[in-house]
Every structure is written in C-alpha cells, then in structure tokens.
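Examination of the molecular architecture
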Amino acid sequence: MINLLLFPVLIPFLTAMILMFFPKRVSAQRTVTVIGMIASVISSAILLYTVMRDGVQAVTLGSWPAPFGITMVSDPLSAGLVLTSNLITLAIVFYSFRSIGAGREKHFYYPAMMFMLTGVNGAFTTGDIFNLFVFFEVLLMASYVLIVLGGEKRQLRESIKYILVNIVSSAFFVTTVAMLYSVTGTLNMADIAAKVSEIGQSGILTVIAVMLILVFGLKGAIFPLYFWLPSSYAAPPVPVLALFGALLTKVGVYAIMRTVTLLFPHDPGFTHEMLMILSILTVVAGCIGALAYFDLKQIVIYNIIIAVGVILFGVSQMNMAGLEGAVFYLIHDMFIKAGLFMLIGVIIAITGTSNLREMGGLLKTYPALAWTWLVAAFGLAGIPPLSGFFGKLLITQGAFEAGNLWGGIIILASSLIVLLSVIRIFIHAFWGEPKPVKGTSKQIYRGLFVPAALITALTVFYGVGTEWLRPVMFDAAEILHQPSIYIDAVLKE
Amino acid sequence: MRSSDVIIQTTTKVVFYIIFLFAIHIFFAGHYTPGGGFVGGLLTASAIVLLLLAFDIRTVKKALPINYTVLIATGLVLALGTASASILFNVPFFTHAYDYFTLPLFGETSLHSAMLFDLGVYLVVVGATMNIILSIGSDD
C-alpha cells in the first residue's frame, strides 16, 4: 500500500464531505463521524506500525519524481503525532455529544472538526513547505468556523482577533516561502535541507529561518507572540477549546521542530540560541499567567504556553536527549491538555461557572472526578511514573549535556509552578465547604466524564509504558538529530 | 433589491446562456491552455449572479433549485474520488490516467481522468461562490 500514509488525511476529509450532505440530521452526523474517526484511528495505528517496521514512508503525489511533485513523508514523529491527534479527536467527538448542543451540531460542527483534523494530519505528514502552508490554511479555515460557531458576543469579538492574527501570520508565511524558493529554488523540504547544507547557511537563509520561527511561533504561541491565545481560546465552548488546546498550537511547535532540525540546523549559535531564549521566556510568561488567574480555563490555557516553551527548549538543545525529551513531552502534552480541558469542562458543567472562587467541596459529591483530576494534574507536572516525567527528565538531561545549566533549572522549577497552578484548582474546586452548584443530570455527567477519564487513563499508560514506547521516540528523535535519514528516504527512491 | 427593468431582464435571458457556454468552453480548454475548473466555475457563478441582479433571489431559487452546500459536497466527493482511484491501482495518490478514444462527431479524442477532478473543482467553486454571495445578499 504505497498510499497508506495518506489515509489519516483522506479519511477525515471524506467523512467531512459525507457529513455535508445531511447537516440537519444529528444522529446520522454523530454515527458517521464516529465511524470515520475509528477508521482514521485504525489507519494511523497501522501507519505507525508500518513506519516502525519498514522505516520512513514517502510518496510523491501524481507519480512525479521526488523534488518536483508534492511529497508526503511519514516518519515516526509525524506518524506518532497523527495517531495522537486522531485518538484525541475521537475522544472529543464522544465528549461533544453531551456538551456541544444540537444548535451547533446542526450547523456543520462535525464537518468543521473533520476538516480541521484533515489539516492537522496533513500538516504533520507533508514534506513540502508550500503544502504545509496549504494544510495550515485548511486547519485554520476549519478553526475559524469552530471558534465563531454559535455566534455568542464573546465568540464574535475573539474570532475577529483570532482571524486577524492568523491572516497576518499566513501572509508572512507565504512571503517567507517565496523568499526561500527564490534562494534555494525548491519547495520540497528534504530538497531544501540538502541544498542548504550544500550551499551553506548564509545570512539570508538565517533570516528566512528566523522568519519561519516567527510565523510558526505566532501559531504555536511562543513569547512574545502568544498575546492573542489566552482570550481567543477561552471564547468557544469546552470541546472546541480542548481540540484547539491539544492540537493547534502543537502543529506550530511541530513546524518549528522541522524548521530548526531539518531545514536550518547549520547555525545553532544564532537560531537555536534565539529559540532557547524565547522558549525560556515563554515558560516564565506562562508560569506568571497560570498563577495569576482564578479562572479554570485561563489556568489551563497558560499551561499550554508553558508546555510549548518546555518542548521548544528541548528542541533547541540539539542533542539526542533533548530531542527525544521534546518528542516525548510533545505527545504527552497533547494527551494531557485534552484530558485537562475535558475535565474542566465537566467541572464547569457541574458548577455552572469557571470562576474558582465560586466553587468548592466537589470531592464529596463527585469523588471519581476529583481523583481523576489529581492524576491528570500530577501527570502534567511530571510526577513519576506519570506521563510528564520522562520527557522532562530527558529535556533536562539534554540541557545539562549541552551546558545550559540555568535553562535546565528553570524548566525544572517551572514544574513546581505548574503543579501549584493545577493543585490550586484541586484545592478550590474539590476541597473546602460545598457551595451551591447548578448541578447536572447523571446522563450528561457520565457522557462528559467517561471520555475525559479515558484520555487521562491513556496518559497514565503513556507514563507507565514509557519503556514500551521508547523505540518510537528514539527513532523519531534520531531522524530529527540526523536529517540525512529523512532526506535519503525522500530523494533516493 | 427589487428590479423590474425589462431591458436588463430580456438581455440577461440571452447573455446568461452565452456566459454559461463560454464557461464550459473555458472549462474544457483548461487542459492544455489557460482555463480550467476554477475559472469555469467562477464564470458560471457570475452568470448566476447576473440572474440574481436582473430578477430576485426567490425567482432564481425557483428556476435553479440547487442547494449550494450539497453542490460543494458533491464536487469534493467527485474530486477526491477521482484522486483516490489511484489507491485502487496502488500508484501514488493523484496519478492520473488518460487514453485516446475515437468518439462519434469528435473523432479521435484524448480523455483524461484529471478532467473529472476538474469537474469537482468546478462544482466546488460554483457552490462556494454562490453560498458566499447568497449569504451576504439575502441578509437585509
């Protein structure tokens, strides 16, 4: 099956098309979405297995020879991310049944979700930088629909900001790609990498590298480009927030990883140093935000920004430990953020507010929710053997090996603040005197809690099964560390 | 906007077909020369917009009872279906096939599977353009 790596892109795309034929029939929408998602999860699992067994998979569309056609490439990193996104989306689809409301379901909620997943999977899989732009646009278009769907006043205000920021960054993206093309004469990422190492990374190429980091940083929310994120993400309902928080910023992070490891790894004194400083500042800014708010959504949203900083710090170390840690932490963070957002959705559904000061004492009435939250919180902070531990361990090890002692210490210290910020939610929401709550029916509670608990359980497996997952992460990091494997897989066929 | 201008309505009835036929010409010309599904679709949409200007939305909806959202979905399925045929033959995605056939009236003609993909693009462009124009235009 030469086209196997396209299946996780094509199946959500096809599902979205089918869904567009009957937008008003809610139960049919749900059934088709679930079937499509399960097929997509299975195909991406087979893809990951194939990539691990046979090495990097590449196909150039339309039977063109490699640097001329659009190449799609699946290495362990992209296959792992694709599988992760599919699993998370499947859980959020189930979560949406009891939370999104029939009004949104009748107005292309599920098709938009599927189109967004198409874009996300495509961006993870593509090996062509202009095609990367196209898939970014696909996922952004769908995210515009999701952020504005429902038309509440706050959503409309925030969506204008969100669309404006993304249009500006997309314009920069195209400009940068055009500059890159005028210098290297190619758009194929493997070919660009080969050409850049041949002609040497001159000044103009470093400028382009920095521009790419800025463009992806605007989408991936690094310091100081994250200004739009906290308020925009808080506007849409919780399932959309979970989808955005788990997937969208990570696409930006993935693109930065490819930029600095595959395309422009030759001037680490400038680009990687800059990335490291920015990522540390991102962590610090995220920590301040996570402690400053008494709003559930804002606390977890600022934790996204911290995680982006931690991952990019690992990438900027450019040694095996740092990169492997970054890959580990990236996938951990996708799962744990989806889980946390889904859990705060349950809390908001029960209490009817996202203000921490107005809730308390849920431990007595909802013990399962409380302990699941605690597990997720410990996983986020990286308490062994939960999922965040090993990634952070490797990132810190990488930092010490590269001689960036202070950076490593700041990353470690940030874990304490992360723990404090989420334990604060535990203390305020679950401990203390029970406060009068809006309450919710058992059916809705179960419909929301089960997918959230399943994702949290997955993060526990991710942490406990580290040894078992290690080969995937190792291979992924090895390709990041030695881009020649990637280049050979694309160009020498 | 209500308009009952006899001249524009009469002209439109003729010009609509000219634009539509030209759109089909551009669509087929697109295989080797400038043109194709995208431009053809835009031209067709502009012909329908001309109808909207000359008559009103209700009349045009009666004459062309098309659900443009379904049109987009049909176009997407057609385009993706054509591209996906390559999966069955286990060649890289989007690989197109063509051959020469002798057809009555046309003589020897080359038929390309890429044309079906372009037809999908055409339907998507018509559907999307009309959706945008109708959702702006019907909002008063």
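Residues numbered from 1 in each chain as written. Chains lettered and ligands numbered in written order. Predicted model: local features only at pLDDT ≥ 70, side-chain atom pairs only at ≥ 80, totals over all residues.

1. Quick word on the overall build of chain A
When its secondary structure is counted, chain A shows 21 helices and two strands. In terms of overall dimensions, chain A is globule-like: its C-alpha atoms have a radius of gyration of 21 Å, near the 23 Å expected for 493 residues. Seen through its C-alpha atoms, chain A measures out along the principal axes to roughly 70 × 55 × 45 Å. Here chain A, with 493 residues, has 60% of them falling under the buried criterion. (Helix = DSSP H or I, 4+ residues; strand = E, 2+ residues; numbered from the N terminus. Rg over C-alpha atoms; globule rule 2.2 N^0.38 Å. Buried ≥ 20, exposed ≤ 12 C-beta atoms within 10 Å, placed from the backbone.)

2. Thoughts on the interface of chain A and chain B
Each side of the interface is counted separately: chain A has 15 residues, and chain B has 16 residues. Only α1 (7-19) and β1 (57-60) of chain A provide two or more residues apiece to the side of chain A that touches chain B. With four residues, α1 of chain A is the largest single contributor of residues to the side of chain A that touches chain B. Classifying every residue of the side of chain A that touches chain B by side-chain character gives 11 nonpolar, four polar and no charged. (Contact = placed C-beta atoms within 7 Å. Nonpolar A, V, L, I, M, F, W, Y, C, P; charged D, E, K, R; others polar.)

3. Digging into the nonpolar core
Grouped burial of nonpolar side chains is what soluble globular proteins tend to show. All names here are of chain A. Ranked by size, the top nonpolar core spans 219 residues in total, and within it Ile88, Leu139, Ile311, Val327, Ala338 and Val346 carry the most contacts. When residues of this core are assigned to their parent elements, the largest contribution, 22 residues, is made by helix α14 (residues 320-351). Sequence-distant contacts of isoleucine 311, defined by excluding residues within four places in its chain, comprise Val253, Ala326, Tyr329, Leu330 and Asp333. (Core = buried A, V, L, I, M, F, W, Y, C linked by C-beta atoms within 7 Å.)

4. Things to note about the packing of α1 of chain A against helix α2 (residues 26-54) of chain A
Residues and elements named next belong to chain A. As a packed pair, α1 and α2 sit with axes 8 Å apart at the nearest point and diverge in direction by 170°. Taken together, α1 and α2 sit at an angle that is classed as roughly antiparallel. Residues Phe7, Pro8, Ile11, Pro12, Thr15, Ile18 and Leu19 of α1 form the contact with α2, whose own contacting residues are Gln29, Val32, Thr33, Gly36, Ala39, Ser40, Ser43, Ser44 and Leu47. Residue classes in the contact of α1 with α2 are distributed as nine nonpolar, seven polar and no charged. (Axes fitted to C-alpha atoms, helices over the stretch in contact; angles between N-to-C directions. Parallel < 35°, antiparallel > 145°, perpendicular 65-115°, else oblique.)

5. Here we look at the UniProt feature "transmembrane region" (unreviewed entry) in chain B
All names here are of chain B. Per the UniProt record, the feature "transmembrane region" (unreviewed entry) sits at residues 12-32, 38-57, 69-94 and 114-134. Secondary structure content for residues 38-57 is 90% helix and 0% strand, and the end C-alpha separation is 24 Å. Between the end C-alpha atoms of residues 114-134 there is a gap of 30 Å, over a span that is 100% helix and 0% strand. (UniProt positions renumbered as here; feature names shortened; annotations may be inferred.)

6. Re the pairing of strand β2 (residues 107-112) of chain B
All names here are of chain B. Judged by how many residues are buried, β2 sits mostly at the surface: zero of six residues are covered. Sheet topology places strand β1 (residues 98-103) next to β2; six bridges connect them, and they run antiparallel. Across the sheet, threonine 102 pairs through a bridge with glutamate 108, a residue of β2. Here β1 hands over to β2 after three residues, with leucine 105 in that stretch at a positive phi of 75°. (Pairing = 2+ DSSP bridges.)

7. Section: the environment of phenylalanine 93 of chain B
By secondary structure assignment, the location of phenylalanine 93 of chain B is in the loop between α4 (68-88) and β1. Between the alpha carbons of phenylalanine 93 of chain B and threonine 82 of chain B there is a distance of 9.8 Å; along the sequence they are 11 residues apart. Non-local contacts of phenylalanine 93 of chain B, meaning those with residues more than four positions away in its chain, are made with Asn3, Leu6, Val59 and Leu61 of chain A together with Ala83, Ser86 and Ile87 of chain B.

8. Let's talk about the environment of leucine 491 of chain A
All names here are of chain A. Structurally, the position occupied by leucine 491 is in helix α21 (residues 483-491). For the pair leucine 491 and alanine 194, spaced 297 residues apart in the sequence, the C-alpha separation amounts to 9.5 Å. Contact partners of leucine 491, with chain neighbours within four places excluded, come to Ala66, Pro67, Ala190, Asp191 and Ala194.

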